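Residue-level structure breakdown
Residues per chain, in single letters:
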Amino acid sequence: MIRDITLGQYYSVDSVIHKLDPRVKLVFTILYIVSLYVGSGVWCYVYAAAFLGLVIILSKVPVKFMVKGLRSILFLLVLSACFNLFLVDGNVLVKFWIIRITDNGLRTASKMVIRMVFLIMGSSLMTLTTTPNDLTDGLEKGLGFLKVIRVPVHEIGMMMSIALRFIPILIEEVNKIMKAQMARGADFETGGLIKKAKAMVPLLIPLFISAFRRASDLALAMEARCYHGGEGCTKLHPLQYHTRDYVAYVILILYLVSMILLGKLLG
Amino acid sequence: MKIIDILHLIHEYKVYDDDEQEVGSVRALNDVTLSLEEGSFVVVLGHNGCGKSTLAKHLNALLLPTEGMVYVCGNNTQEEDDIWKIRKNAGMIFQNPDNQIVGNVVEEDVAFGPENIGVPTEKMVKRVTEALKKVGMEAYRLNSPNQLSGGQKQRIGIAGMLAMRPKVILMDEPTAMLDPSGRKDVLNIVHELNKKEGMTVVLITHYMEEAVDADRVIVMDGGEIKMDGTPREIFSRVDELKNYRLTVPQVTELAWELKKEGVDLPDGILTKEELVEALCSLH
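What counts and what doesn't
Residues numbered from 1 in each chain as written. Chains lettered and ligands numbered in written order. Predicted model: local features only at pLDDT ≥ 70, side-chain atom pairs only at ≥ 80, totals over all residues. Heavy atoms only, no water. Helix = DSSP H or I, 4+ residues; strand = E, 2+ residues; numbered from the N terminus. Rg over C-alpha atoms; globule rule 2.2 N^0.38 Å. Buried < 20%, exposed > 50% of the residue type's maximum accessible area, 1.4 Å probe, protein only. Contact = heavy atoms within 4.5 Å. Areas by Shrake-Rupley, 256 points an atom, 1.4 Å probe, with all protein chains shown as cover. Lys, Arg positive; Asp, Glu negative; His and termini not counted. Charge placed at Lys NZ, Arg CZ, Asp CG, Glu CD. Axes fitted to C-alpha atoms, helices over the stretch in contact; angles between N-to-C directions. Parallel < 35°, antiparallel > 145°, perpendicular 65-115°, else oblique. Nonpolar A, V, L, I, M, F, W, Y, C, P; charged D, E, K, R; others polar. Buried area = accessible area lost by both parts, 1.4 Å probe. Salt bridge = Lys/Arg side-chain N within 4 Å of Asp/Glu carboxyl O. Polar contact = N/O pair within 3.5 Å; in protein donor to acceptor, adjacent residues only side chain to side chain. Pairing = 2+ DSSP bridges. Core = buried A, V, L, I, M, F, W, Y, C linked by side-chain atoms within 4.5 Å. pLDDT = per-residue confidence, 0-100. 1 Å grid on protein atoms, 1.4 Å probe; cavity = no way out; pocket = protein on both sides within 12 Å on 5 of 7 lines; lining within 4 Å. Points joined across faces, edges and corners; volume = space filled by probe spheres on them. Patch = residues over 30% accessible without salt bridge, like charges linked within 9 Å, V, L, I, M, F, W, Y side chains within 5 Å.

Along the backbone of chain B there are 11 helices and 10 strands. Rg of the C-alpha trace for chain B: 20 Å, near the compact-globule value of 19 Å for 283 residues, within the 12% margin. Overall, chain B is about 65 × 50 × 40 Å in size when its C-alpha atoms are taken along their principal axes. The proportion of buried residues among the 283 residues of chain B is 53%. Put simply, of all contacts in chain B between residues at least 6 apart along the chain, 63% involve residues at least 24 apart. Put simply, chain B shows about 12800 Å² of open surface, and 47% of that area lies on carbon and sulfur atoms. Looking at chain B, you have 31 positive and 47 negative side-chain charges, and the mean spots of the two groups are 5 Å apart.

Moving on, we come to the packing of helix α2 (residues 22-38) of chain A against helix α11 (residues 243-266) of chain A. All names here are of chain A. At a closest axis distance of 10 Å, the pairing of α2 and α11 adopts a crossing angle of 5°. Of the possible angle classes, the one that applies to α2 and α11 is roughly parallel. Contact with α2, carried on its side by R23, V24, V27, F28, L31, Y32, V34, S35 and V38, involves D245, A248, Y249, L252, Y255, L256, M259 and I260 of α11 and no other residues of that element. Among the residues forming the contact of α2 with α11, the class breakdown is 14 nonpolar, 1 polar and 2 charged.

Glancing now at the interface of chain B and chain A. In this assembly, 42 residues from chain B lie in contact with 30 residues from chain A. Buried area between chain B and chain A, summed over both chains or domains, comes out near 3100 Å², and the portion from carbon and sulfur atoms is 53%. Interface area lost by chain B to chain A is led by N99, N116 and N146 of chain B, which between them contribute 23%. Our enumeration of links across chain B and chain A arrives at 3 salt bridges. The interface formed by chain B and chain A contains 17 residue pairs in polar contact (both at pLDDT 80 or more). Here the element with the most residues in the side of chain B that touches chain A is helix α4 (residues 112-116) of chain B; it accounts for 5 residues. Among the residues forming the side of chain B that touches chain A, the class breakdown is 20 nonpolar, 13 polar and 9 charged.

All names here are of chain B. For strand β7 (residues 168-172), the buried fraction is high: 5 of the 5 residues fall into the buried class. Across the two faces of β7 the burial is the same, with V168, L170 and D172 and I169 and M171 all buried. The sheet contact formed by strand β6 (residues 90-93) and β7 spans 4 bridges and is parallel. What sits directly across from M92, in β7, is L170. In this structure, β7 lies alongside strand β8 (residues 200-205), joined through 5 bridges in parallel fashion.

With that out of the way, let us pick up the environment of K141 of chain A. Residues and elements named next belong to chain A. Positionally, K141 belongs in helix α7 (residues 132-142). Residue classification places K141 among the partly exposed positions, given a relative accessible area of 47%. Spatially, the C-alpha atom of K141 lies 42 Å from that of K198, the residues being 57 residues apart in sequence. Discounting chain neighbours no more than four positions away, the residues touching K141 are R23 and L239.

So, about helix α1 (residues 52-59) of chain B. Counting buried positions over the 8 residues of α1 of chain B gives 6, a clear majority of the element. Directly beyond the C-terminal end of α1 of chain B, a positive phi value near 65° is found at A61 of chain B.

With that settled, the discussion passes to the nonpolar core. In this structure, L45, V110, I158, V219 and F235 of chain B are the most contacted members of the largest nonpolar core, which totals 50 residues. Setting aside residues up to four positions removed in sequence, V219 of chain B forms contacts with L45, E224, I225, K226, M227, I234, L241, Y244 and L246 of chain B. With 31 residues, the next largest nonpolar core counts A224 of chain A together with V168, L170 and I204 of chain B among its residues.

With that settled, the discussion passes to the confidence of the model for chain A. Residues and elements named next belong to chain A. Overall, the prediction assigns chain A a mean pLDDT of 83, with 96% of residues at 70 or greater. For chain A, per-element mean pLDDT is lowest for strand β1 (residues 92-96), which scores 73, and highest for helix α10 (residues 201-224), which scores 91. For the stretch residues 1-7, pLDDT sits under 50, and the model shows 13 contacts to residues farther than four places along the chain or on other chains.

Now for empty space enclosed by the protein. Residues and elements named next belong to chain B. One pass over the structure, following the stated rule, counts 3 cavities of 30 Å³ or more. The space that makes up the largest cavity amounts to roughly 70 Å³. What lines the largest cavity is simply F235, S236, V238, T252, A255, W256, K259, L265, P266, D267, G268 and I269. At 4 residues, helix α10 (residues 250-260) tops the list of elements feeding residues into the lining of the largest cavity. Split into classes, the residues belonging to the lining of the largest cavity amount to 7 nonpolar, 3 polar and 2 charged.

The next thing to look at is unusual backbone geometry. All names here are of chain B. Its identity as a non-glycine residue notwithstanding, H8 has a phi of 45°, on the positive side. Judged by its relative accessible area of 49%, H8 is partly exposed. Despite not being glycine, R245 has its phi angle at roughly 60°, a positive value.

This part is about the sheet that holds strand β4 (residues 67-72) of chain B. All names here are of chain B. Overall, antiparallel pairing links the 4 strands, which are arranged β2-β1-β4-β5 in an open sheet. A strand with exactly one partner marks an edge of an open sheet, and here the two such strands are β2 (22-36) and β5 (75-76). Contacts between α1 and the sheet are confined to β1 (4-16), β2 and β4, with β1 contributing the most and set at about 120° to the helix.

So, on to a nonpolar patch on the surface. All names here are of chain A. The grouping of F75, L79, F83, F86, L87, F96, W97, I98 and I99 at the surface amounts to a nonpolar patch, some 1100 Å² of accessible area in total. Its place among the elements puts F75 in helix α5 (residues 74-87). On the basis of relative accessible area, F75 is assigned to the exposed category, the value being 64%.

This is how it looks when you write it as structure tokens:
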């Protein structure tokens, strides 16, 4: 049934990583990305790979799921690899017709690919091990400091969680409208790209109207339930750090520091 | 002072043309004066556009009077400082159950109201459990609202309101989108809350059957209160009700038709049992 679809790519399993506070995982993602750019020797990448591998093993998420995330950026990966491979100057290694591969090109291309692969795997680890609700909570709380520079963190969090709640409802609505239009002779299947895009218009207009109506209903219902923004709010399940979260922070910092040292020593 | 006091309430909706210029106004409520007793079960009936939804929105300050005064639990809805007190005291349930659920998990949605009024976390867990128990939905605590039926969603809506511990329950056609069994569930819960917890209920509906068990029935038309009385009084005035484009419950209608044809029946028969008894006693 369409109402049971899981959103995002959360992989439900009981592991240490799943239990970590979403804020820790947020920090992990950022620090891991940073760590990929501070060191750039072979050993640095081996170290980063080993660390990521360890976290993946701890998270109990099958590597298959990680690779799935890579598939969507495969095109981007190949494209940027090609550009670097063929266009960077250096000592020519192979020359064939107008194509030439240089040692520098090879180096930057492989560096680029490795970084991107690690980057995607590292950040998809976060979405794989955190439920969308926790993710919203974590973003709201973890990015709370942005309130100082007037970023509406609470509002963004609220919007994300409402979007999550209404996606299945709107999908159902799309199906309903589609069937209603098909019953009256609309054709969504045949024709070229432009014809298909045009066929979407009678689908999108009712959908938007209904979404706006829902939004206005929901706003009224939220006001009736005393919603007045994030100030003075309490939480049913406030985010709370446990010992394991502090340990994770320490490990993360150790990792980043050792990566910087490794980069310095080898570079 | 009564729990709800409405004094000469007038509400006008402004009408705009395509260029957003104000071209006039429509009077949705015209000089409504009404007071409701604490602990009573009041049903407001009326045809579409008679102003009954507008009236409900005035009772928890979602709309403010153009003229007149509305007092809820002693607080004037026009006092901006009291607005959260009023909304806490008078919880509202809307027609579409989907469009009033905010949380992605049942318990989070029930906690939404208490979170907004700043109930501490330890007390909140207790309140949520209590509210879910009252509507018989404890088993669904950790479910996603999307997996529930319409009636169940409406019960979650009621639980979310109960968790704020209101004194008045306002319901704007809460059963209009539900199937018969969902309707029965929701009404049973509301009646129980009225009897056991002594909560004041204002139920807006166009199902006549839902008005039969009320303490008081109010009929609205054209933004004014036209009839006000017990169900028995109201439903014995069948001609007048038809005048306001309302039908009466089936049994009442049958009794009324029989009476017109010369059968000697009392006025205002509301239930099947009453009709059977009255018919049997004829011989």
